[in-house]
Amino acid sequence: MSELQDISTLYLGAPDVARIVARKGLSACLADVAARIGQDFLRWPAFDKSARVASHSKDGVIELMPVADDALYAFKYVNGHPKNPIAGLPTVMAFGVLAEVATGAPLLLAELTLATAIRTAAMSAVAARALARPDSRTMALIGNGAQSEFQALAFRDLLGITTLRLFDTDARATDKLMRNLHGQGLALLPCASTADAVRGADIVTTITADKTLATILTPDMIAPGMHLNAVGGDCPGKTELHPEVLRRATVFVEHAPQTRIEGDLQQMPADFPVTELWQVLSSQRPGRADAAQVTVFDSVGFALEDYSTLCFLRDAAEEFGIGESLQLVPQMADPKNLFGVLGRSADGSARTEQLQRA
């Protein structure tokens, strides 16, 4: 018989993740996750990477996003269903797992809906710090839904953005954003259209939700020196940028094989030139060349960012003593006797091996 091993899993539900953010403060969470993403992108070759596995329907998409280094394996389950708010459900819902590569034991099971909003905003800021003009102070925010406040605060804290020019086809979303960001040190300017919002902006962030081949930004809206943070075009059949915007810009991506299928890049030929952001962060490739250059970060979300976020949650939960222990995996005195977990009593009813030992 082997010694009984404790393979309990730390569980962080939605209230636990909210408590972590409340204890640390949202600004500190954004900064910490951004720092971890930057550090992990510098280790890019150390990770086993693949494009996410997606199941598409007429209503949305459900995805699994895996990644691993030689110590930890991570995956995220996430959906994207634009019509969900009509039914009182979030457009995006997510959870993730962090496991030990050496044994496969699940170490952490965590709700990731709130954390995904934080990591997406943190990723945008990491890219913009590398690609936008350092003197950028005004950002247009096109799409004012669930992700918008996180983007706004990440760019305020990590890039020094002071003014937001806001537009959403649903005016109630803009009203909601303005209520949530009141008193947060940002000048908030509601605009009548996308063209109005991008006028005078140094950075343009697009985070629209509709699963359509849309054209949110057209070439006539783009001014020299802009940085475009294209977040909403994140699955096949969903775009935000006119193809000519991409042709006139220098385009940066997370993981090119995934972005060519899912991002605004899906509109372009397979040999359209792009640079993976890790190459810029590690100084292997140049980022912005001059103040007049137009740069695009075609962001679709990559599993390495979720790895960084799960590690952040694990460490924060340990720091604050948040979360509970779950037994997701059977614990057996004899690891080869899984059937013994079902042990039978004299009357034939099922009993656990632990009860038999007791």
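That block above? That's the structure.
Cut-offs used in this document
Residues numbered from 1 in each chain as written. Predicted model: local features only at pLDDT ≥ 70, side-chain atom pairs only at ≥ 80, totals over all residues. Heavy atoms only, no water. Helix = DSSP H or I, 4+ residues; strand = E, 2+ residues; numbered from the N terminus. Rg over C-alpha atoms; globule rule 2.2 N^0.38 Å. Buried < 20%, exposed > 50% of the residue type's maximum accessible area, 1.4 Å probe, protein only. Contact = heavy atoms within 4.5 Å. Areas by Shrake-Rupley, 256 points an atom, 1.4 Å probe, with all protein chains shown as cover. Pairing = 2+ DSSP bridges. Axes fitted to C-alpha atoms, helices over the stretch in contact; angles between N-to-C directions. Core = buried A, V, L, I, M, F, W, Y, C linked by side-chain atoms within 4.5 Å. Phe/Tyr/Trp six-rings, centres within 6.5 Å; stacked < 30°, edge-to-face > 60°. Salt bridge = Lys/Arg side-chain N within 4 Å of Asp/Glu carboxyl O. Parallel < 35°, antiparallel > 145°, perpendicular 65-115°, else oblique. Left-handed = near helix turned anticlockwise from the far one by under 90°. Nonpolar A, V, L, I, M, F, W, Y, C, P; charged D, E, K, R; others polar.

**Student:** Help me understand the overall build of the chain, please; the structure alone is not making it clear to me.
**Tutor:** Broken down by element type, the chain carries 11 helices and 18 strands. Taking 2.2 N^0.38 as the reference for a compact globule, 358 residues should give roughly 21 Å; the C-alpha atoms of the chain span a radius of gyration of 22 Å, in line with that estimate. Viewed in the frame of its principal axes, the chain has a C-alpha envelope of about 80 × 45 × 40 Å. Expressed as a percentage of the 358 residues in the chain, the buried residues total 52%. Here the contacts in the chain between residues at least 6 apart in sequence split such that 69% fall between residues at least 24 apart. Within the structure as shown, the chain displays about 16000 Å² of accessible surface, and the carbon and sulfur contribution to it stands at 56%.

**Student:** Help me out: how do you make sense of the pairing of strand β6 (residues 94-100) in this one?
**Tutor:** For a regular strand, side chains alternate in direction, first toward one face of the sheet and then toward the other. Across the 7 residues that make up β6, a large majority, 5, are buried. In this structure, strand β5 (residues 72-80) lies alongside β6, joined through 7 bridges in antiparallel fashion. Bridge assignment links tyrosine 73 to a residue of β6, and that residue is alanine 99. Sheet topology places β6 next to strand β7 (residues 106-111); 5 bridges connect them, and they run antiparallel.

**Student:** How do you make sense of the sheet that holds strand β10 (residues 187-190) when you look at a structure like this?
**Tutor:** Hydrogen bonds along the backbone pair up the strands of a sheet, which may run parallel or antiparallel. Strand order in the open sheet formed by 8 strands is β10-β9-β8-β11-β13-β17-β15-β16, and the pairing between neighbours is parallel. At either end of the open sheet lies a strand with only one pairing partner, and these are β10 and β16 (275-276). Strand direction decides the pairing type here: strand β11 (residues 203-206) and strand β13 (residues 227-230), joined by 4 bridges, are parallel. Note that in β13 the partner of threonine 206 across the bridge is alanine 230. Packed onto the sheet, helix α3 (residues 113-131) meets β13, β15 (250-253) and β17 (295-298) and runs at close to 155° relative to β17.

**Student:** I keep staring at the nonpolar core and nothing clicks. Help me out?
**Tutor:** One recurring pattern in soluble globular proteins is that nonpolar side chains are buried together. With 70 residues, the main nonpolar core has Leu12, Leu164 and Leu313 as its most contacted residues. Among the elements that take part in this core, α3 stands out by supplying 11 residues, more than any other. Setting aside chain neighbours within four positions, we find leucine 12 in contact with Val17, Ile20, Leu108, Leu109, Ala110, Glu111, Leu313, Ala317, Ile322 and Gly323. Counting residues in hydrophobic clusters, the runner-up holds 28 residues, among them Phe167, Val198, Ala230 and Leu246.

**Student:** What am I meant to see in the pairing of strand β1 (residues 9-12) here?
**Tutor:** As defined by bridge partners, β1 adjoins strand β18 (residues 324-326) across 3 bridges and the pair is classed as antiparallel. Its bridge partner being in β18, leucine 10 is matched across the sheet by serine 325. As judged from the 3 bridges shared by β1 and β7, these two strands associate in the parallel manner. Bridge pairing links leucine 12 to alanine 110 in β7.

**Student:** Whenever I open this one, the packing of aromatic side chains confuses me. Can you help?
**Tutor:** Two aromatic rings, taken as a pair, are described by how far apart their centres are and by the angle between their planes. Enumeration according to the criterion identifies 5 aromatic pairs in this entry. Each ring, one from phenylalanine 41 and one from tryptophan 44, has its centre 5.2 Å from the other, and the planes form 55°; the classification is tilted. The buried category is assigned to phenylalanine 41, whose relative accessible area is 0%. On the basis of relative accessible area, tryptophan 44 is assigned to the buried category, the value being 4%. For the ring pair tyrosine 77 and phenylalanine 95, a centre distance of 5.0 Å and an interplane angle of 15° mean the geometry is stacked. Of this pair, tyrosine 77 sits in strand β5 while phenylalanine 95 sits in strand β6, and the two are 18 residues apart along the sequence. Judged by relative accessible area, tyrosine 77 falls into the partly exposed class, the value being 27%. Here phenylalanine 95 falls in the partly exposed class, since its relative accessible area comes to 35%.

**Student:** Would you mind going over the pattern of salt bridges with me for this structure?
**Tutor:** When their charged atoms lie close together, side chains carrying opposite charge are able to pair. Counted under the stated rule, the structure contains 24 salt bridges. Its salt-bridge partner being arginine 165, residue aspartate 196 comes within 3.4 Å of it at the nearest N-O pair. Of this pair, aspartate 196 sits in helix α6 (residues 194-198) while arginine 165 sits in strand β9 (residues 163-167); the two residues are 31 residues apart in sequence, bridging distant segments of the chain. Through salt bridges with shared partners, a single ionic network connects Lys24, Asp32, Arg36, Arg314, Asp315 and Glu319.

**Student:** What is the right way to read the packing of helix α2 (residues 26-41) against α3 from this model?
**Tutor:** A pair of packed helices is characterised by two quantities: the angle between their axes and the separation of those axes. Running from amino to carboxyl end, α2 crosses α3 at an angle of 60°, the nearest separation of the two axes being 8 Å. Classified by the angle their axes make, α2 and α3 are oblique. Handedness of the α2/α3 crossing: right-handed. Of the residues in α3, those in contact with Leu26, Cys29, Leu30, Val33, Ala34, Ile37 and Phe41 of α2 are Ile118, Arg119, Ala121, Ala122, Met123, Val126 and Arg129. Its residues placed into classes, the contact of α2 with α3 shows 12 nonpolar, no polar and 2 charged.

**Student:** Is there a simple way to think about the environment of aspartate 334 in this case?
**Tutor:** Note that aspartate 334 resides in the loop between β18 and α11 (353-357). Here aspartate 334 falls in the partly exposed class, since its relative accessible area comes to 25%. With 186 residues separating them along the chain, aspartate 334 and serine 148 place their C-alpha atoms 51 Å apart.

**Student:** I tried to follow the packing of α2 against helix α10 (residues 303-320) on my own but got confused; where do I start?
**Tutor:** Axis separation between α2 and α10 bottoms out at 9 Å; the angle between their running directions is 130°. In terms of axis orientation, α2 runs oblique to α10. When you trace α2 past α10, the crossing you get is right-handed. Across the interface between the two elements, Cys29, Asp32, Val33, Arg36, Ile37, Asp40 and Phe41 of α2 pack against Leu304, Glu305, Tyr307, Ser308, Thr309, Cys311, Phe312 and Asp315 of α10. Across the contact of α2 with α10, the residue classes break down as 8 nonpolar, 2 polar and 5 charged.

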